[in-house]
Amino acid sequence: MTEPALDADTLREPVLGAESPREPAFDAESLRERALTSLVTARERTALLTDCVDEPDLTAQHSPLMSPLVWDLAHIGNQEELWLLRTVAGRDAMRPEIDSLYDAFEHPRSERPTLPLLPPAEARAYAAEVRGRALDVLEGAAFHGTRLTEAGFAFGMIAQHEQQHDETMLITHQLRTGPQVLTAPDPEPAPLFAGPAEVLVPGGPFTMGTSSEPWALDNERPAHRREVAPFHIDTTPVSNAAYQAFIEDGGYDTERWWAPEGWAHIRKHSITAPLFWHGDGREWLRRRFGVTEVVPPDEPVLHVSWYEADAYARWAGRRLPTEAEWEKAARHDPAGDRSTRYPWGDADPAPEHANLGQRHLRPAPVGSYPAGESPLGVRQLIGDVWEWTASDFQPYPGFRAFPYKEYSEVFFGPEYKVLRGGSFAVDPVACRGTFRNWDYPIRRQIFSGFRTARSESV
């Protein structure tokens, strides 16, 4: 995953067509409570992810793709200080000498273990002191006057940033070796899904993106009309059982299914299955947060790259949906020609809607969460697994970088593919029908899966 974001916009561009109305206007106290709850929830999760391991695990680099956990811990505090204390409140820097150590663009992950990072106790103390001062700022915040303060945006931005790093730290936990240190209840068992394999999404225009979601980030903006031809999309994400059929049919040994770059990559790195899978001659096993288990056939496939998702889709006679197709399937309500905040409507996510927030440490079975399906009947578009799309990461028409270009703008281009929908590791504050994630097409350590599509004529 790219470095989690710190960005949003509050554009007010007019748009033809209908987007769900702006959330009801919050009074100052409601905004204060919403921001406080989001910040506290994020910090509780950060503590859960960092208090469960000892100091060597916090300071070690468990993969060159990831930072040491202690870097994330202090980076969270440093970004909170930068935006809430210095920028919003106008206060002097607490620890200006450490700013460069925790600048994600100055030091790539591979070199962060070599930096003079704050040790765990000092990192915790620094983050806690910043938080105490930030809550004082929140207590007196006016929530208007600047783009950063309007509707509590800066506080929402920081809560999202911390939750995105919490997801990054959870990825590090999956990559670390050693015994299990994290536990969570499994999702509720679900009956075998017996619904239709795919859903027809009618052609025509719809409203993509948002100009009204108060805490939306800059790459989600502005709302604009998109024309999409009719297409069919999988009702549920692709399951482990379906993906295993691809493997057993020689999917990793058949060049014609693969994009040239993907074929070269899997051959070079001897990739023959999703990350963390291995066969024992009788069945497929996987390692999940320190535990080895049989790959559950009814869960969405997890830890696959864009190249793997694309190859499976070709093998199945289908393709990956474009980002616009994915969003239309997730947000478009034909009744009234409007786009909703989430597949189930405009209400904030609840446990019956989606598997979010590290409530579980695995995806739910395909077909789960009927209360969260879209108006067209597509399920699990939010939560469980990030879903690769066919699209490159590009700006929307009228895009404006805010509050700085390094969140989105520097990543636009063909090097990155878009993922949508969030995973079980994503908190609701950092997940909505317009939220966009992006990564290199080779990435597999992220909590990524996919669903497939086909044009109506195919």
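These numbers were taken from a predicted model, which means no experiment stands behind them.

(A) Representation of the sheet that holds strand 14 (residues 448–449) within the structure. Strands sit in the order 13-12-11-14 across an open sheet of four strands; the sheet is mixed. In this open sheet, the two edge strands, each paired with only one partner strand, are strand 13 (436–439) and strand 14. The pairing of strand 12 (residues 413–420) with strand 13 spans four bridges and is antiparallel. Looking at strand 13, one finds that R420 is bridged to R436.

(B) A look at the packing of helix 1 (residues 28–51) against helix 5 (residues 153–175). At their nearest, the axes of helix 1 and helix 5 sit 9 Å apart, and the two run at 20° to each other. Regarding the angle of helix 1 to helix 5, the classification is roughly parallel. Here helix 1 runs over helix 5; the crossing is left-handed. Facing helix 1, whose interface residues are A35, S38, L39, T41, A42, R43, R45, T46, L49 and T50, helix 5 presents F155, I158, A159, E162, Q163, D166, E167, M169, L170 and H173. Class assignment for the residues of the contact of helix 1 with helix 5 results in nine nonpolar, six polar and five charged.

(C) The nonpolar core, seen in detail. Counting residues in hydrophobic clusters, the biggest one holds 117 residues, and the most contacted among them are F155, L170, Y243, W258 and F450. In terms of residues, this core owes the most to one element, helix 5, which gives ten residues. Once residues lying within four places of it in the same chain are set aside, the contact partners of Y243 are V238, Y252, P274, V301, V304, E308, Y312 and F450.

(D) Region of interest: unusual backbone geometry. Backbone torsion omega between R221 and P222 reads -10°, so that peptide bond is classified as cis. Inspection of the secondary structure puts P222 in the loop between strand 3 (204–208) and strand 4 (224–228). In the segment running from F402 into P403, the intervening peptide bond is cis, with an omega of -5°. When you line up the elements, P403 lands in the loop between strand 11 (386–393) and strand 12. One non-glycine residue with positive phi stands out, namely F143, at about 65°. Mapped onto the secondary structure, F143 falls in the loop between helix 4 (120–139) and helix 5. One non-glycine residue with positive phi stands out, namely A151, at about 60°. Inspection of the secondary structure assignment puts A151 in the loop between helix 4 and helix 5.

Reading guide: rules and limits
- Residues numbered from 1 in each chain as written.
- Predicted model: local features only at pLDDT ≥ 70, side-chain atom pairs only at ≥ 80, totals over all residues.
- Heavy atoms only, no water.
- Pairing = 2+ DSSP bridges.
- Helix = DSSP H or I, 4+ residues; strand = E, 2+ residues; numbered from the N terminus.
- Axes fitted to C-alpha atoms, helices over the stretch in contact; angles between N-to-C directions.
- Parallel < 35°, antiparallel > 145°, perpendicular 65-115°, else oblique.
- Left-handed = near helix turned anticlockwise from the far one by under 90°.
- Contact = heavy atoms within 4.5 Å.
- Nonpolar A, V, L, I, M, F, W, Y, C, P; charged D, E, K, R; others polar.
- Core = buried A, V, L, I, M, F, W, Y, C linked by side-chain atoms within 4.5 Å.
- Buried < 20%, exposed > 50% of the residue type's maximum accessible area, 1.4 Å probe, protein only.

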